[in-house]
Amino acid sequence: MASDAADILTSEDASLAKGQSSQLGKILEKKSRSTKRAAEAVEQRSRMPHGLERELVQLIGERAPLAPSSGYSQQKALISVRKAARKWVWAEFDNPARKDKLRLSHWVPEAQKDQPYVFAKANAPLEIPTFSADEYARHLEDSNWSYADTALLFDLCRQFDLRFVVVADRFNLAKEKMAPVAADQTPVPLSIEALKDRFYSVSHKLAAARGVSDASRVFRYDADHETLRKAQLLKLHERTRKQVFDESMLIEDLKRLKQRRLDMGLDTAEIDAELGLLWSPSRKREQLKKRKERKSQGGEAPSAVSDIKVVAAV
């Protein structure tokens, strides 16, 4: 019976020791995992570029940044509290660009309150030429323009800094006011293109007559080209959705035809010539010459002329 009691006590001690050893093993394993994670965190921080936030490093990974970092050794800029801030005063100023002697006020550093207005240098006046009645009679006469109308145009261009939209409105309004009251109909308003053409043509003639060295550099305005460009832009803007869709389908058909011709062994210039994109007599002669050479060699590639004619017709 004593032996049975000893066996029971021994088995309980053994199970208790086994349980304690297993708990100790779990504690050690958990501690080792936490130590391993801490070591990985320390290693990761050591590999992290200096001066970059952790979130930014996680976004870019271990790749080097495209631009070098600022190189600041401090995370935040230190504000110097020993140096006093500049003193600002509310002072009046004169704007040399204005001729009405208007005086305004603004905040400015006290050391700069007596200096000229800083934005006055941005006022760059345009050099609009002037002419006399004698110069107009000798060089600038035009059957559609009078001296008074030309002088009015140049005065408005000088006043509104070549803003021809405003110039056209003011010019046509002045012409209406100058028209006789008893007239049956008001004068036809001139377009912006007509006013621009007159202004730049007179400027070029004056530069040539006065012997300006760089008269050839004076801007020349093409009124016909500008009128055509605006008309084409207006047509492009007024297209319907169906027209836009049809045009996109034609462009896709053209791309397929060009790809088909490329597969047949033709170069891009010849494809454009056959599709009518670079049509010219010389290109046509070169094309016929190449076809004859290929035909004499017996290796002429089949053509898709019927498809091309369909696209050209559309």
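Cut-offs and rules
Residues numbered from 1 in each chain as written. Predicted model: local features only at pLDDT ≥ 70, side-chain atom pairs only at ≥ 80, totals over all residues. Heavy atoms only, no water. Helix = DSSP H or I, 4+ residues; strand = E, 2+ residues; numbered from the N terminus. Contact = heavy atoms within 4.5 Å. Areas by Shrake-Rupley, 256 points an atom, 1.4 Å probe, with all protein chains shown as cover. Core = buried A, V, L, I, M, F, W, Y, C linked by side-chain atoms within 4.5 Å. Buried < 20%, exposed > 50% of the residue type's maximum accessible area, 1.4 Å probe, protein only. pLDDT = per-residue confidence, 0-100. Phe/Tyr/Trp six-rings, centres within 6.5 Å; stacked < 30°, edge-to-face > 60°. Axes fitted to C-alpha atoms, helices over the stretch in contact; angles between N-to-C directions. Parallel < 35°, antiparallel > 145°, perpendicular 65-115°, else oblique. Left-handed = near helix turned anticlockwise from the far one by under 90°. Expected span 1.5 Å × (residues − 1). Pairing = 2+ DSSP bridges. Patch = residues over 30% accessible without salt bridge, like charges linked within 9 Å, V, L, I, M, F, W, Y side chains within 5 Å. Salt bridge = Lys/Arg side-chain N within 4 Å of Asp/Glu carboxyl O.

1. Remarks on the overall build of the protein chain
Across its full length, the protein chain carries 11 helices and two strands. Put simply, the protein chain runs from its N terminus to its C terminus through helices and strands in the order α-α-β-β-α-α-α-α-α-α-α-α-α. Partitioning the intrachain contacts of the protein chain with sequence separation of at least 6 by distance along the chain shows that 46% fall at a separation of at least 24. For the protein chain, the exposed area adds up to about 25,400 Å²; of that, 56% sits on carbon and sulfur atoms.

2. A look at the nonpolar core
By size, the foremost hydrophobic cluster in this structure holds 21 residues, and its most contacted members are Leu153, Phe171 and Phe199. Where this core is concerned, the elements lending two or more residues are helix H3 (133-140), helix H4 (147-159), helix H5 (164-178) and helix H6 (192-209). When residues no more than four places from it in sequence are discounted, the contact partners of Leu153 are Trp145, Val167, Phe171, Leu195, Arg198 and Phe199.

3. A word on the confidence of the model for the protein chain
For the protein chain, the mean per-residue pLDDT works out to 75, and 61% of the residues sit at or above 70. Mean pLDDT per element in the protein chain: helix H11 (residues 305-313) is the minimum at 39, and H4 is the maximum at 93. The low-confidence segment residues 300-314, where pLDDT is below 50, has 20 contacts with residues more than four positions distant or belonging to other chains.

4. Some details on the packing of aromatic side chains
In total, this model carries 13 aromatic pairs according to the counting rule given. Ring geometry for Phe164 versus Tyr200: centroids 6.1 Å apart, planes at 45°, classification tilted. You can see Phe164 sitting in helix H5 and its partner Tyr200 sitting in helix H6, a full 36 residues away along the chain. For the pair shown, Phe164 and Tyr200 are each scored as buried. Chaining the aromatic ring pairs together yields one cluster made of Phe131, Tyr136, Tyr147, Phe154, Phe164, Phe199, Tyr200 and Tyr221.

5. Re the packing of H4 against H5
What describes two packed helices is the angle between their axes and the distance between those same axes. Here H4 crosses H5 at 140°, and the two axes come no closer than 10 Å. Relative to H5, the element H4 lies oblique. By crossing handedness, the relation of H4 to H5 is classed as right-handed. In this structure, H4 uses Asp149, Leu152, Leu153, Leu156 and Cys157 to contact H5, whose residues at the interface are Phe164, Val167, Arg170, Phe171, Ala174, Lys175 and Met178.

6. Considerations on the side chain of Glu226
Positionally, Glu226 belongs in helix H7 (residues 223-237). Those residues in contact with Glu226, other than ones at most four positions away along the chain, are Glu193 and Tyr221.

7. Observations regarding H6
Helix length check: H6 (18 residues) gives 26 Å between terminal C-alpha atoms against 26 Å at 1.5 Å per residue, within 8%. Of all the residues in H6, the buried ones are Glu193, Leu195, Arg198, Phe199, Tyr200, Val202, Ser203, His204, Leu206 and Ala207. Looking one or two places after H6, you find Gly211, whose phi comes out positive at around 70°.

8. Some points on the pairing of strand S1 (residues 88-94)
Sheet faces and side chains relate simply in a regular strand, where the side chains alternate between the two faces. Residue alternation in S1 divides its side chains into a buried set, Val89, Ala91 and Phe93, and an unburied set, Trp88, Trp90, Glu92 and Asp94. Examined bridge by bridge, S1 and strand S2 (residues 103-109) share seven bridges and lie antiparallel to one another. Following the sheet pairing, Val89 is matched in S2 by Val108.

9. Some thoughts on a nonpolar patch on the surface
Residues Trp88, Trp90 and Trp107 make up a contiguous nonpolar surface patch of roughly 430 Å² in combined accessible area. Here Trp107 is to be found in strand S2. Overall, the relative accessible area of 54% leaves Trp107 in the exposed class.

10. A closer look at the pattern of salt bridges
Counted under the stated rule, the structure contains 15 salt bridges. For Asp94, the salt bridge goes to Arg103, with nearest N and O atoms at 2.6 Å. Note that Asp246 and Lys242 form a salt bridge whose closest N and O atoms lie 3.0 Å from each other. Of the two residues, Asp246 and Lys242 are both situated in helix H8 (residues 241-263); the distance of four residues between them amounts to about one turn of the helix. In this structure, a network of salt bridges that share partners links the residues Glu92, Asp94 and Arg103.

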